[in-house]
Amino acid sequence: MFPRDFAWGAATAAYQIEGGWQADGKGPSIWDTFCHEKGRVFGEHNGDVACNSYELWEKDLECIQQLGLTHYRLSLSWARLLPNGTTRHVNQKGVQYYNKVIDDLLACNVSPMVTLYHFDLPQALQEQGGWKSPGIVNLFDSYAKFCFQTFGDRVKLWLTINEPLICAKFGHENGIFAPGIKEPGTAAYLVGHNMLRAHAMAWHSYNSFYRPEQKGAVSLAINSDWLEPLHPGCNEDVAATERDLAFTLGWFTWPVFVTGDYPEIMRSAIDSQSKKLGYTGSSRLPSFSKDERAVLGTADFFALNYYTSRKVKAGGSCGEMCIKSDLDAEEVLDPSWPICGVSWQAVVPHGLRKLLNYIKDACNNPAVYITENGFSQVGLLQIEDVERCEFYRDTILEVGKAIEEDGVNVRGYFAWSLLDNFEWADGFSVRFGLFHVNFSDV
Ligand code: GBH
């Protein structure tokens, strides 16, 4: 079913595995700060040590080789490379670390896919306003150019930002993730906007200055659940599902792959809710200038993170200013779907095939990499991984059908994650690893 040159990979992210949070001149990131505050993360866990991949990278490499992967997706810690976030001060030890990782991978015939930003903004930049501030766009571009310049002779697959939707919503709407900002109904739209502008600027930098020589490809990783109406015969539920898809997949997909702007139903839902609340200012969803719109259509492939599916019904507005009210839709679980470890993860392999088809149709059949997909398990025990194996088998079969029967142009599949690691607000209580990690002995 799978093309010969299909990429078989596993993924990780810097803060979730590296540890070494202060090692060799690394600056603090917003996740260091967030975890060191009381009450933010399950069990007051933090990524100070995590899998200690900063010291034990060779062990990770052994795992990668044992699986026979063709690709490995990792992220760079911005604050390990540029402790204050800017290129005025480069931490050479950080450069050395990633040079070794990349060189070791290539020596084993494994191609790196590198994410520039996976949730861990340098704290120094948060103090200047972080992703809410428009100044972040140029700062991100400088960091991106530094990375292309330093590693792009060997790295041919780049992702600028991982899951802007989660950075926006979990970082700035409900505050469950760093930087823990809770400004419902406003900040997330601003953050998403600046992330889209930052992605576009970095893509253009690559395109103009690095692509001619380095010949790689650049995208951003977009996460979405697959969504279906709870009652397919009910017009309200069908409309609510369409709205919800616009607020999840569409928010970042339409600007980059479809129209160069936000989905129209997203803007009209936000503006009509503003009206209801008597809010008379300008739209809470920022606008792209004409020049920005012209440069937004910028990605060389579609990178999709998929974990689960939901049914959607109309309603759910709480009458306050927040994304949930703008959306006015409620997501529910289908009782026939089994739940794996975490309560949010229903096991729905066929949802991935549907989502892939939706993306094929909406985005004019782009090349797609599934950059994350994985199975959660709760608890500390080492287990016989029967259910996880079944999950991967069933999901990969759906990908195969999407390729063979539906003609979706899927080029690769990355399991989340190579190793059990720091699962953000859930700390080490949730495990996604293909390999078990004993966190009291790393
Ligand atoms: C990905 O996010 C991340 O890229 C990766 O770093 C992470 O380890 C992986 O998923 C597994 O979670 O608090 O119950 O409301 C996927 C999107 C966003 C899904 C946060 C779970 C929390 C649900 N995730 N969400 S809840």
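In this text, all values refer to a predicted model and were calculated from it rather than measured experimentally.

How each quantity is defined
- Residues numbered from 1 in each chain as written.
- Predicted model: local features only at pLDDT ≥ 70, side-chain atom pairs only at ≥ 80, totals over all residues.
- Heavy atoms only, no water.
- Pairing = 2+ DSSP bridges.
- Helix = DSSP H or I, 4+ residues; strand = E, 2+ residues; numbered from the N terminus.
- Axes fitted to C-alpha atoms, helices over the stretch in contact; angles between N-to-C directions.
- Contact = heavy atoms within 4.5 Å.
- 1 Å grid on protein atoms, 1.4 Å probe; cavity = no way out; pocket = protein on both sides within 12 Å on 5 of 7 lines; lining within 4 Å.
- Points joined across faces, edges and corners; volume = space filled by probe spheres on them.
- Nonpolar A, V, L, I, M, F, W, Y, C, P; charged D, E, K, R; others polar.
- Near = heavy atom within 4 Å.
- Polar contact = N/O pair within 3.5 Å; in protein donor to acceptor, adjacent residues only side chain to side chain.
- Areas by Shrake-Rupley, 256 points an atom, 1.4 Å probe, with all protein chains shown as cover.
- Sits in = over half its atoms within 2 Å of the grid points.
- Core = buried A, V, L, I, M, F, W, Y, C linked by side-chain atoms within 4.5 Å.
- Buried < 20%, exposed > 50% of the residue type's maximum accessible area, 1.4 Å probe, protein only.
- Phe/Tyr/Trp six-rings, centres within 6.5 Å; stacked < 30°, edge-to-face > 60°.
- Lys NZ or Arg CZ within 6 Å of the ring centre and 35° of its normal.
- Salt bridge = Lys/Arg side-chain N within 4 Å of Asp/Glu carboxyl O.

**Quick notes on the sheet that holds strand β1 (residues 7-11)**
Here comes step 1: Taken in spatial order, the 8 strands close into a barrel running β1-β2-β3-β4-β5-β7-β10-β12, and their pairing is parallel. Sheet twist, expressed as the mean angle between neighbouring strand axes with direction ignored, is 25°.
Here comes step 2: As judged from the 3 bridges shared by β1 and strand β2 (residues 71-75), these two strands associate in the parallel manner. Bridge assignment links A11 to a residue of β2, and that residue is R73.
Here comes step 3: Along the sheet face, helix α10 (residues 235-258) touches β5 (217-223) and β7 (302-305) and points at about 155° away from the line of β5.
Here comes step 4: Packing against the sheet, helix α15 (residues 386-404) makes contact with β1, β10 (368-372) and β12 (410-416), and its axis sits at approximately 165° to β12.

**A closer look at the layout of surface pockets**
Here comes step 1: For the largest pocket, the calculated volume is near 1,100 Å³.
Here comes step 2: Along its surface, the largest pocket is lined by 41 residues, and I166, K169, F170, N223 and D225 are the ones closest to its centre.
Here comes step 3: Elements with a contribution of two residues or more to the lining of the largest pocket: α8 (164-172), α10, α13 (323-327) and β9 (329-332).
Here comes step 4: Looking at the lining of the largest pocket, the element that brings in the most residues is α8, giving 4 residues.
Here comes step 5: Class assignment of the residues belonging to the lining of the largest pocket gives a composition of 19 nonpolar, 9 polar and 13 charged.
Here comes step 6: The calculated volume of the second largest pocket comes to roughly 290 Å³.
Here comes step 7: Lining the second largest pocket are 15 residues, with K59, C63, L419, H436 and V437 sitting closest to its centre.
Here comes step 8: A per-class count over the lining of the second largest pocket returns 7 nonpolar, 4 polar and 4 charged.

**Some thoughts on the site of the ligand**
Here comes step 1: In the region of the ligand, 14 residues are neighbours, and Q16, H118, E163, E423 and W424 sit closest.
Here comes step 2: In this structure, an oxygen atom belonging to the ligand sits 3.3 Å away from a side-chain N or O atom of Y307.
Here comes step 3: One of the side-chain nitrogen or oxygen atoms of W416 is found 3.2 Å away from an oxygen atom of the ligand.
Here comes step 4: Protein contacts shield 80% of the accessible area of the ligand, which totals 570 Å² for the unbound molecule.
Here comes step 5: With respect to the pocket detection grid, the ligand is positioned in the largest pocket.
Here comes step 6: When its residues are assigned to classes, the shell around the ligand shows 8 nonpolar, 3 polar and 3 charged.

**A word on the nonpolar core**
Here comes step 1: By size, the foremost hydrophobic cluster in this structure holds 124 residues, and its most contacted members are W31, W131 and F140.
Here comes step 2: Considering each element in turn, this core owes the most residues, 11 residues, to helix α9 (residues 187-214).
Here comes step 3: W31 has contacts with Y15, V41, F119, D120, F177, A178, F422, W424 and A425, leaving out every residue within four places of it along the chain.
Here comes step 4: Among the nonpolar cores identified, the runner-up in size contains 18 residues, and A11, A13, F301 and W416 belong to it.

**Brief notes about the packing of aromatic side chains**
Here comes step 1: In total, this model carries 44 aromatic pairs according to the counting rule given.
Here comes step 2: Through successive ring pairs, a cluster of aromatic residues spans Y15, W31, F34, F119, F170, F177, F422, W424, F428 and F439.
Here comes step 3: One Lys or Arg, R80, reaches over the ring of Y97 and ends 5.9 Å from the middle of that ring.

**Examining unusual backbone geometry**
Here comes step 1: The amide bond that connects A178 to the next residue, P179, takes the cis arrangement and shows omega of 5°.
Here comes step 2: Mapped onto the secondary structure, P179 falls in the loop between α8 and α9.
Here comes step 3: With an omega of 10°, the peptide bond between W416 and S417 qualifies as cis.
Here comes step 4: Along the chain, S417 turns up in the loop between β12 and β13 (430-431).
Here comes step 5: The phi torsion at E44 lies on the positive side, around 55°, for a residue other than glycine.
Here comes step 6: By the secondary structure assignment, E44 is in the loop between α2 (30-35) and α3 (53-67).
Here comes step 7: Residue K215 is not a glycine yet carries a positive backbone phi of 55°.

**Some details on the pattern of salt bridges**
Here comes step 1: Across all of its chains, the model carries 23 salt bridges by this definition.
Here comes step 2: Close ionic contact of R80 with E18 constitutes a salt bridge, the shortest N to O distance being 2.9 Å. Here R80, found in helix α4 (residues 78-81), pairs with E18, found in the loop between α1 (14-17) and α2; they are 62 residues apart in sequence, far enough to count as distant.
Here comes step 3: Taking relative accessible area as the criterion, R80 reaches 1% and is therefore assigned buried.

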